[in-house]
Amino acid sequence: MRAPSGLKALTSTNPKNKQITTVMITKKYIVLLTAVALCTNVLAQSTVDRPRPAEWNNLVYGGRFMDLFQPMPNIGQPTSDTWGDPNVVPRYVDNGIENRAFSFWGGNKVLGDDGKFHLFVCGWRESSPKGHATWPNSTVYHAVSDNLYGPFVVQDTIGKGHNPEVFRLKDGRYVLYVIDGCYTAPNVNGPWTYGKLEYLTRDRRLIEGNSNFSFAQRKDGSYLMICRGGGQWISQTGDSPYHQVTGTTLATNGRVTPLRAYPAIPGRFEDPVVWRDQVQYHLIVNDWQGRIAYYLRSKDGVSWKAESGEAYLPGVSVREDRHVEQWFKYERIKVFQDTHGRAIQANFAVIDTDKSLDKGGDNHSSKNISIPLTAGRLLAIIDKDPVTEKTRSIRVRVFAEPGFNPQTDIDLNSLQFGDPEAVNYGKVGAVLTTEKAGKDLIITFKCTGQPFPQDEFAAKMIGKTTEGTLLFGYARLPWVNFNAPILSPLLPTFNTQGSGLMVEVQNFGFETSKAGAISVSYFEDGQEFPVARGNVPALKPYEKAVVELPSGISFEKGKAYTMAVTISSGGDAPVTLHGAVTPIR
């Protein structure tokens, strides 16, 4: 479908831009810009000042995800002949996608087989009487650029939809997710067919509604999805049903609480973005009310660890001349990944005022912008044995790659390596020795005598290049199994006599599971009572089994009980699902 009248013509069509160059920003400068951005706008009542942990003041440069943001390249020429609050004018309107006649929101990019960059973004006419409140009637547009940073020119209209995210399946087809639907196409240029993805809650509640999903391809071509509420879902193909595997816990008041992927802190979370590289899964989620985002990591996409520090804040859109475009809100973050899966660019939906103040036909609007990210270096731990209190050193291979020579480009005196949180606070060992290995560099780091936390699966390196720019990277811990089974149960069902029960268990991991134990219990008056125990057989990847468990417990007819199913297998952490069950109706 062609672009609507006025959209294609008004979108910038400047020629391809010169080679992009960047300079690094110091930690001090970023913090200063953030403070300015927070103070220059009068916050609406819908936002609050969220206090930061005091220890975050001790993070070293590179210790928070926000330190990875680099200055935005100059695309085209800056202009004041555009919409916007004075805090965002003048600006380079060719960064991302912008148009006087349309407001854009959300979206992400992929590199097509044609060598061009394809942005799928939603939007509406800026003159719409409801202004930003028109978003429920958004249209999804397909825009194209020869440059990763823009300008993106609308090529065609896909159809209805809001907050799109496009991803490619193992068979080469594309899926374009939108709230409450999706489009599929044989290639990035279409034709696109509208349909719906299927979501199986599997005796778990859908956390905070069916919207703002984010997707990451797993190593076997299957897909992980994180929903708006932080639930974890897995699809074997990416367009086949998504199965929710979120675990639960039971609060002291008896309420079943899902184990979300998000930090266990106060916040109004939305806009998750998840991706996977050669080391681990990454997740950023935004607290829209507090206007602060958080960064987390995972080895399997199900269990997550939060790192200290802000993932981003208002004020991260810094130009090469160090001028800050002080957008009021940064939302719907997405990342563009290189061939190693590393995030090398973040793109945001930004707006120059509170959404409620953006009216039709006024001087306020929204667009999509692009900001470069520092890519993590490729690392591998050579030693295979776990680090213990007796370990005195650890060897790490830093791989050479185009544009980076580890033998000449690293400031060795600046390096730290070890447990990511300890590294973030500058509390780990420095370099002992180095040796060349072909074009690579092997670095021996001093160990501090502290083993990695039991739930840790990666190590981190932070330092500087010989030019003074940020250098960082993650490496897998060789003794951690990244292919471990992911066993996920349903709640029990009972036979008609109520004397026995059945529990379905499925393996969503990459390896056959070991035979394990399963137990069922119920809660009453704050106490837990056992119901049944049994064994779960070994299950191949994606295989499921129904486990029959005898029970001599008598339950009251028609009464709903809070029950828990717990699985223990092969030394992995137990998996528990809580929920309400009525044994005899």
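Residues numbered from 1 in each chain as written. Predicted model: local features only at pLDDT ≥ 70, side-chain atom pairs only at ≥ 80, totals over all residues. Heavy atoms only, no water.

### Section: the overall build of the chain
Stage number 1. Each helix and strand in the chain was counted, giving three helices and 37 strands.
Stage number 2. Relative to the compact-globule value of 25 Å for 585 residues, the chain shows a C-alpha radius of gyration of 25 Å, a close match.
Stage number 3. Each of the three principal axes of the chain carries a C-alpha extent, and together these read 80 × 65 × 45 Å.
Stage number 4. Taking contacts inside the chain between residues at least 6 apart in sequence as the whole, the part at least 24 apart equals 60%.
Stage number 5. Summing over all exposed atoms, the chain offers an accessible surface of approximately 24,600 Å²; the carbon and sulfur share of this is 51%.
Stage number 6. In the chain, the 63 positive side-chain charges and the 58 negative ones have mean positions that sit 1 Å from each other. (Helix = DSSP H or I, 4+ residues; strand = E, 2+ residues; numbered from the N terminus. Rg over C-alpha atoms; globule rule 2.2 N^0.38 Å. Contact = heavy atoms within 4.5 Å. Areas by Shrake-Rupley, 256 points an atom, 1.4 Å probe, with all protein chains shown as cover. Lys, Arg positive; Asp, Glu negative; His and termini not counted. Charge placed at Lys NZ, Arg CZ, Asp CG, Glu CD.)

### Comments concerning the sheet that holds strand β5 (residues 165-168)
Adjacent strands of a sheet form backbone hydrogen bonds with each other and so pair up, either parallel or antiparallel.
Stage number 1. The four strands are arranged β5-β6-β7-β8 in an open sheet whose pairing can be described as antiparallel. If you trace the sheet from one side to the other, it starts and ends with β5 and β8 (193-195), each paired once. Neighbour-to-neighbour, the strand axes of this sheet turn through a mean angle of 25 degrees, independent of strand direction.
Stage number 2. Pairing analysis gives three bridges linking strand β7 (residues 181-185) to β8, with the strands arranged antiparallel. (Pairing = 2+ DSSP bridges. Axes fitted to C-alpha atoms, helices over the stretch in contact; angles between N-to-C directions.)

### Re unusual backbone geometry
Stage number 1. Residue Gly 150 is joined to Pro 151 through a cis peptide bond whose omega torsion reads 5 degrees.
Stage number 2. For Pro 151, the position within the fold is in the loop between β3 (139-145) and β4 (153-160).
Stage number 3. Note that the residue after Gly 190, namely Pro 191, is joined by a cis bond; omega there is 0 degrees.
Stage number 4. Relative to the helices and strands, Pro 191 is located in the loop between β7 and β8.
Stage number 5. The backbone phi angle of Arg 202 is positive, close to 55 degrees, even though this residue is not glycine.

### Re the nonpolar core
For soluble globular proteins, nonpolar side chains are generally found buried alongside one another.
Stage number 1. Counting 83 residues, the largest nonpolar core has Phe 65, Phe 69, Ile 284, Trp 304, Tyr 312, Phe 348 and Phe 417 as the members making the most contacts within it.
Stage number 2. Of all hydrophobic cores here, the second largest spans 23 residues; its members include Val 520, Tyr 522, Tyr 561 and Leu 577. (Core = buried A, V, L, I, M, F, W, Y, C linked by side-chain atoms within 4.5 Å. Buried < 20%, exposed > 50% of the residue type's maximum accessible area, 1.4 Å probe, protein only.)

### Topic: the side chain of Ser 298
Stage number 1. In this structure, Ser 298 sits in strand β18 (residues 292-298).
Stage number 2. One polar contact links the side chain of Ser 298 to the main-chain amide nitrogen of Asp 300, over a distance of 3.2 Å.
Stage number 3. Within polar-contact distance, the side chain of Ser 298 engages the backbone oxygen of Ser 303 at 2.6 Å.
Stage number 4. Ignoring sequence-local partners within four residues, the contact set of Ser 298 consists of Gln 280, Tyr 281, Ser 303, Trp 304 and Phe 457. (Polar contact = N/O pair within 3.5 Å; in protein donor to acceptor, adjacent residues only side chain to side chain.)

### Some details on the sheet that holds strand β21 (residues 343-351)
Stage number 1. Pairing is antiparallel across the open sheet formed by three strands, whose spatial order is β20-β21-β22. Single-partner strands in this sheet number two, and they are β20 (329-337) and β22 (366-372). Taken pair by pair, the neighbouring strands of this sheet meet at an average axis angle of 25 degrees, ignoring direction.
Stage number 2. Note: β20 against β21, seven bridges, orientation antiparallel. Its bridge partner lying in β21, Lys 334 is registered against Asn 347.

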